[in-house]
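# What the coordinates show
So you can see what is in the structure, the chains are spelled out below.
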Amino acid sequence: QVHLVESGGGLVQAGASLRLSCAASGGSFSSYHMAWFRQAPGKEREYVAAIVAYGGTTYYTDSVKGRYTISRDNAKNTVYLQMNSLKPEDTAVYYCAAAQTWVGVPSRSNDYAYWGQGTQVTVSS
């Protein structure tokens, strides 16, 4: 059982930066693929970024490429999401998630067995 707790959300103006953190406990963190998803009001949850177990390869949805960076520190059992050049359309609740395996691609939410409670990111124009 993996317990995930996100932090770092807040209210910022367009163009600003935020760094989200997700602290994991209760499992072998380094063996899990980790990802960030987000859900805006009235919309379905969408995949944002992912990083493979043991670090290294990263993946991003097109709308955040070049602006967001996902990373992990396995010694600290933490995954991060650095968000730069934020836009109002980035406003959402951001969730981190952990998966032991991916079926083909990292964006399938059903592959992720463990989820955090979410952290709100609001970007004003």
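The present account deals with the structure reproduced in this document. Model, not experiment: these values are computed from the prediction. (Residues numbered from 1 in each chain as written. Predicted model: local features only at pLDDT ≥ 70, side-chain atom pairs only at ≥ 80, totals over all residues. Heavy atoms only, no water.)

### So, the nonpolar core
Note the threshold: For this analysis, a nonpolar core means a set of buried residues of the types Ala, Val, Leu, Ile, Met, Phe, Trp, Tyr and Cys, connected via side-chain atoms within 4.5 Å. Burial status follows relative accessibility: with a 1.4 Å probe on protein chains alone, a residue under 20% of its type maximum counts as buried, one over 50% as exposed, and anything between as partly exposed. The helix and strand labels rest on DSSP assignments: H or I over at least four residues marks a helix, E over at least two residues marks a strand, and numbering proceeds from the N terminus.
By size, the foremost hydrophobic cluster in this structure holds 30 residues, and its most contacted members are Leu-4, Met-34, Trp-36, Tyr-68, Leu-81, Met-83 and Tyr-94. Of all elements in the fold, only strand S3 (18-25), strand S4 (33-39), strand S5 (46-51), strand S7 (68-73), strand S8 (78-83), strand S9 (92-99) and strand S11 (119-124) reach the threshold of two or more residues within this core. If you look at the next biggest cluster of nonpolar residues, it comprises nine residues, including Phe-37, Tyr-47, Trp-102 and Tyr-112.

### With respect to the pattern of salt bridges
Operational definition: Salt bridges are counted wherever a side-chain nitrogen of Lys or Arg sits within 4 Å of a carboxyl oxygen of Asp or Glu.
This structure, assessed with the given rule, holds five salt bridges. With its nearest N and O atoms 2.6 Å apart, the salt bridge here joins Arg-38 to Glu-46. The closest approach of N and O atoms between Lys-65 and Asp-62, which form a salt bridge, is 3.0 Å. Residue Lys-65 is classed as partly exposed on the basis of its relative accessible area of 49%. Salt bridges here are not isolated pairs; linked through shared partners, they connect Arg-38, Glu-46, Arg-67 and Asp-90.

### Looking at the packing of aromatic side chains
This is how the line gets drawn: Stacked, edge-to-face and tilted labels apply to pairs of Phe, Tyr and Trp rings (six-membered ring for Trp) whose centres lie within 6.5 Å, assigned for plane angles under 30 degrees, over 60, and everything in between, in that order.
Tallying each qualifying case throughout the model produces six aromatic pairs. Between Tyr-32 and Tyr-114, the ring centres sit 6.0 Å apart and the planes meet at 80 degrees, which makes this aromatic pair edge-to-face. Of the two residues, Tyr-32 is situated in the loop between S3 and S4 and Tyr-114 in strand S10 (residues 114-115); the sequence distance between them amounts to 82 residues. A single burial state applies to Tyr-32 and to Tyr-114, both of which are buried.

### Observations concerning the pairing of S5
Put simply, the test is: Any two strands are treated as partners once DSSP identifies two or more bridges connecting them.
Burial analysis of S5 places five of its six residues in the buried class, the great majority of the element. Pairing of S4 with S5 involves five bridges; the strand directions are antiparallel. The residue of S5 that forms the bridge with Ala-35 is Ala-50. Where S4 hands over to S5, the hairpin turn is made up of six residues, of which Gly-42 adopts a positive phi near 75 degrees. Bridge count between S5 and strand S6 (residues 58-60): three bridges; the pairing is antiparallel. Within S6, the position partnered with Ala-49 by the bridge is Tyr-60. Hairpin connection from S5 to S6: six residues lie between these consecutive antiparallel strands, with Tyr-54 at a positive phi of about 70 degrees.

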